[in-house]
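# Structural description and commentary
So the chains spell out like this:
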Amino acid sequence: MKYILVLVMGLLAVNAGNAQSLRKYPVSNSGCSAYMYCVAKFDQSKSQDSSIVYTGECTQDAITYGVICVKLLNPVTDLTMAESLLIAYADFLKSSFNITQSAGYGKGHHLNNNENTRGILDYWEDKDKNNWKIKAWTDGYYIGFLYTYSVKELPEQKINLFLDGFRLPVK
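Since the structure is predicted, the reported quantities are computational estimates derived from the model, not experimental observations. (Residues numbered from 1 in each chain as written. Predicted model: local features only at pLDDT ≥ 70, side-chain atom pairs only at ≥ 80, totals over all residues. Heavy atoms only, no water.)

## Quick word on the confidence of the model for the chain
In this model, the chain carries an average pLDDT of 90, and 88% of its residues clear a pLDDT of 70 or more. Counting contacts from residues 1-18, a segment whose pLDDT is below 50, to residues more than four positions away or on other chains yields zero contacts. (pLDDT = per-residue confidence, 0-100. Contact = heavy atoms within 4.5 Å.)

Laid out in structure tokens, this is it:
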């Protein structure tokens, strides 16, 4: 009986170790963070206007999770204009990601119920028939663009935790 109990406890420990947990990770040294299911290595570069861009992605269970964080060189204090910039950035990324179809942007989202943020979401499909769901956030100082994609159907509840898990620096 004692051996069976030890065996069951061991199996439970192995299963708990393999369970996917959402953990908060810094987005390099941007001041932003993201709750992710896997560890992404972030690269830093500069955009054409010299804004600092941090990019990273990782894959867990055949789903790719990605984060692009942009520290805007020229902040946009008008949040309506910031939302327009967010949409323009998402449109720019569509060509980089070879997106062939999109459902259309859903607007009016607020990150963590913060009225001083704006967010958009969309569903995409790329040339390889991967299913995408994206969500992008801005406070006018930063843009956080989060995406998931997989050839299989995306588990909405699970990926929504990731897409809503972006955190801006505290001012």
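## Looking at the state of the cysteines
Applying the stated rule across the entire model yields one disulfide. Note that cysteine 38 is cross-linked by a disulfide to cysteine 58, the S-S spacing being 2.0 Å. With the S-S dihedral at roughly 80 degrees, the linkage between cysteine 38 and cysteine 58 falls on the right-handed side. Here the residue cysteine 38 occupies a position in the loop between β2 (33-36) and β3 (43-46), and cysteine 58 occupies one in strand β4 (residues 52-60), the gap between them amounting to 20 residues. The class for cysteine 38 is buried, based on a relative accessible area of 8%. (Disulfide = S-S within 2.5 Å. Helix = DSSP H or I, 4+ residues; strand = E, 2+ residues; numbered from the N terminus. Buried < 20%, exposed > 50% of the residue type's maximum accessible area, 1.4 Å probe, protein only.)

## A look at the packing of aromatic side chains
Enumeration according to the criterion identifies twelve aromatic pairs in this entry. A centroid spacing of 5.0 Å and a plane angle of 50 degrees characterise the contact between phenylalanine 97 and tyrosine 147, whose relative ring orientation is tilted. With phenylalanine 97 in the loop between α2 (79-96) and β6 (99-102) and tyrosine 147 in strand β10 (residues 142-150), the pair connects residues that are 50 residues apart, well separated along the chain. Judged by relative accessible area, which is 4%, tyrosine 147 ranks as buried. Here a set of aromatic residues connected by ring pairs shows up, and it is made of Tyr89, Phe92, Phe97, Trp124, Trp132, Phe145, Tyr147 and Tyr149. Above the ring of tyrosine 37, the side-chain terminus of lysine 158 is found at 4.9 Å from the ring centroid. (Phe/Tyr/Trp six-rings, centres within 6.5 Å; stacked < 30°, edge-to-face > 60°. Lys NZ or Arg CZ within 6 Å of the ring centre and 35° of its normal.)

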